[in-house]
Amino acid sequence: MPDGGQALLFEGATVAPEADEHRAIEALRHTSALVSLYDADGFRIFGNPAALASYPGENTRFAEIFADGDAGGALWASTLGGETIEGAYRVITAHGERWHGLAARRTPDPVTGDPCILVNETDITEEVEAQSALADARQRAEAAMAARQDFLANMSHELRTPLTSILGFTDLLDASELDAEQRRRLARIRDAGTVLLDTLNDVLDFSKLEAGGVSLETRPFELRALLGATAGIFEAQAGAKGLDLKLDIDPSCPAWLEGDGDRLRQVLVNFLGNAVKFTQVGSVVLSAARREGAQPGFARLELAVSDTGVGVPEAMLGFVFDRFAQAGPEVSRKFGGTGLGLAISKEIVELMGGQIGVDSIAGEGARFWCVLDLPVAVAPESREPEVPQAPSRPLNLLVADDNEANRELIGALVRAMGHAADVVADGHAAVEAVASGGYDLVLMDVQMPRMDGLAATRAIRAMPGETGQTPIIALTANVLPEQIAFYRASGMDDHVGKPISPRELLLKVSLWGDDRGRKPADGATLDGVRA
């Protein structure tokens, strides 16, 4: 200095950060994630631009950003105590209430070394709302499915109850002395009742298939016997129309296969039923042919029904297997039907892992076919067919049903079997009757006034001694699998669906009524029910 003193010269300079630090700073500045640092008192001491935009206040506190302040305070205390917090939380931002995915952990202040809380947040509002909407939609769908099942169950019950009387009394009349004209009219009644029952079964079947409630049974079946019996169902109908009904089975087809023969028969019955219905002149042929391409141990079969009927219009070929599909209103009026048979067939074939299709030219007939790969089986050991055996003595039965016609019908059926039968109109009367003793078996309707069949069953099971063990067979129009399982779990021993098959009723009465209905030995089963 001029006066001889010393001076120091300072020059300001910007120190460039290391490259990685620079990249981190830029990423922090431009990310949409919210990054904040809070001191030990819960005040924000740093926020990146995204955090400052969401929480613009200068004295922002951690607990105050939450929609639930108490929950925010508890999270703060836990994090300050050393816990790492992660989760989805509702927060109050400058843009309104939002859902944030939040992670918070304790860390030292990089400047002072004091304990701080580092918080990372991501806006997940759209994801949360989408999940909520999906959950609501699922809940509505499940509610709709439950409502539909309830409707189907009620419809089944309300239709099967009068059908029990229609078909049951028809069978009783048929066994009496009638002239030819009376028998012809009676056959008309039976045919109409059978068509109504088939329609009801189609609706229930399609509903179960659509809901995934049908499982296939796997057991050996004889192909030729199955095809012959299926064709035989339509012999009388085809003969009445002058049609030539033929069966054509390729000799190379295996004699025995393994699969669900009953469901396969259902498909072929739908094919044959349509063929006979829509063919006025000519023939209907049920054929089976073996095709190439199956894995070892399997046989690839093409099962087809060909006819010389009206055929399928070209415009219909693409959706003939859709539900309720018919060739037009004039076809529905002339031939009837629900339009569900082929849709059911498609569901069954696809459930079996096969393919289904149709080849047709309008006016020249149609050929409906399915291709299935089925395991080749060997003939099982022959067993004597199950034949209903009459009980060793006449039985004393109680019939409980709120429908007067059904009481009369069921009483007539069991008396025709040689048994005695008392009838009551509700569950309360059934309990009183059983309590008086002397009954070998109870045939119990489920839906009855005053006391339903399930409540009556529980009351009977609570009775002491052998009276409380009296066999009870549910005799009801409720025939859905889950309903039958529920009845059995509620204490009923077996089930006969309405409309009643006299043969099935005789079999069940024989099984449960002999030796006063004592249940089989340990490990034995009746109709799949372990005793």
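Residues numbered from 1 in each chain as written. Predicted model: local features only at pLDDT ≥ 70, side-chain atom pairs only at ≥ 80, totals over all residues. Heavy atoms only, no water.

With that settled, consider the sheet that holds strand E2 (residues 44-47). Strand order in the open sheet formed by five strands is E2-E1-E5-E4-E3, and the pairing between neighbours is antiparallel. Either end of the sheet is taken by a strand with one partner, and the two such strands are E2 and strand E3 (85-93). Across this sheet, the average inter-strand angle for adjacent strands is 30°, counted without regard to direction. Where strand E1 (residues 34-38) meets strand E5 (residues 115-123), five bridges bridge the pair, whose relative direction is antiparallel. (Pairing = 2+ DSSP bridges. Helix = DSSP H or I, 4+ residues; strand = E, 2+ residues; numbered from the N terminus. Axes fitted to C-alpha atoms, helices over the stretch in contact; angles between N-to-C directions.)

What follows concerns the sheet that holds strand E15 (residues 441-444). In sheet architecture, strand pairing relies on hydrogen bonds along the backbone and comes in two forms, parallel and antiparallel. Across the sheet, five strands lie side by side as E14-E13-E15-E16-E17; this open sheet has parallel pairing. Either end of the sheet is taken by a strand with one partner, and the two such strands are strand E14 (420-424) and strand E17 (494-497). When strand polarity is set aside, the average angle formed by the axes of neighbouring strands in this sheet is 20°. The sheet contact formed by strand E16 (residues 472-476) and E17 spans four bridges and is parallel. Considered in E17, the bridge of isoleucine 473 is made with aspartate 494. The strands touched by helix H12 (residues 427-435) are strand E13 (396-400), E14 and E15; relative to E13, the strand with the most contacts, the crossing angle is about 165°. (Contact = heavy atoms within 4.5 Å.)

This part covers the packing of H12 against helix H13 (residues 453-461). One way to put it is that H12 packs onto H13 with a least axis distance of 8 Å and a crossing angle of 20°. Considered as vectors, H12 and H13 are oriented roughly parallel to each other. Handedness of the H12/H13 crossing: right-handed. For the pair H12 and H13, the contacting residues are Gly427, Val431 and Val434 in the first and Ala456, Ala459 and Ile460 in the second. (Parallel < 35°, antiparallel > 145°, perpendicular 65-115°, else oblique. Left-handed = near helix turned anticlockwise from the far one by under 90°.)

The next point concerns the packing of helix H6 (residues 223-232) against helix H8 (residues 261-278). Taken N-terminus to C-terminus, the directions of H6 and H8 make an angle of 40°; their axes are 10 Å apart at the nearest point. Taken together, H6 and H8 sit at an angle that is classed as oblique. At the point where H6 passes H8, the crossing takes the right-handed sense. Contacts between H6 and H8 involve Leu226, Leu227, Thr230 and Ala231 on the former and, on the latter, Gly261, Arg265, Leu268, Val269 and Leu272. Classifying every residue of the contact of H6 with H8 by side-chain character gives six nonpolar, two polar and one charged. (Nonpolar A, V, L, I, M, F, W, Y, C, P; charged D, E, K, R; others polar.)

Further remarks concern helix H3 (residues 69-80). With twelve residues, H3 ought to run about 16 Å at 1.5 Å a step, and its terminal C-alpha atoms sit 16 Å apart, in line with that. Of the positions making up H3, those classed as buried are Gly72, Leu75, Trp76 and Thr79. For H3, the buried positions fall inside an angular range of 100° around the axis, keeping them on one side. Residue aspartate 68 occupies the N-cap position of H3, its side-chain oxygen lying 3.2 Å from the main-chain nitrogen of aspartate 70. (Expected span 1.5 Å × (residues − 1). Buried < 20%, exposed > 50% of the residue type's maximum accessible area, 1.4 Å probe, protein only. Arc of directions from axis to C-beta. Polar contact = N/O pair within 3.5 Å; in protein donor to acceptor, adjacent residues only side chain to side chain.)

The next thing to look at is the pairing of E2. Summarising the sheet, E1 and E2 pair through three bridges and their orientation is antiparallel. Opposite tyrosine 38, over in E2, you have arginine 44 as the bridge partner. Taken together, E1 and the strand that follows it, E2, pair antiparallel across an intervening segment of five residues, in which glycine 42 is found at a positive phi of about 90°.

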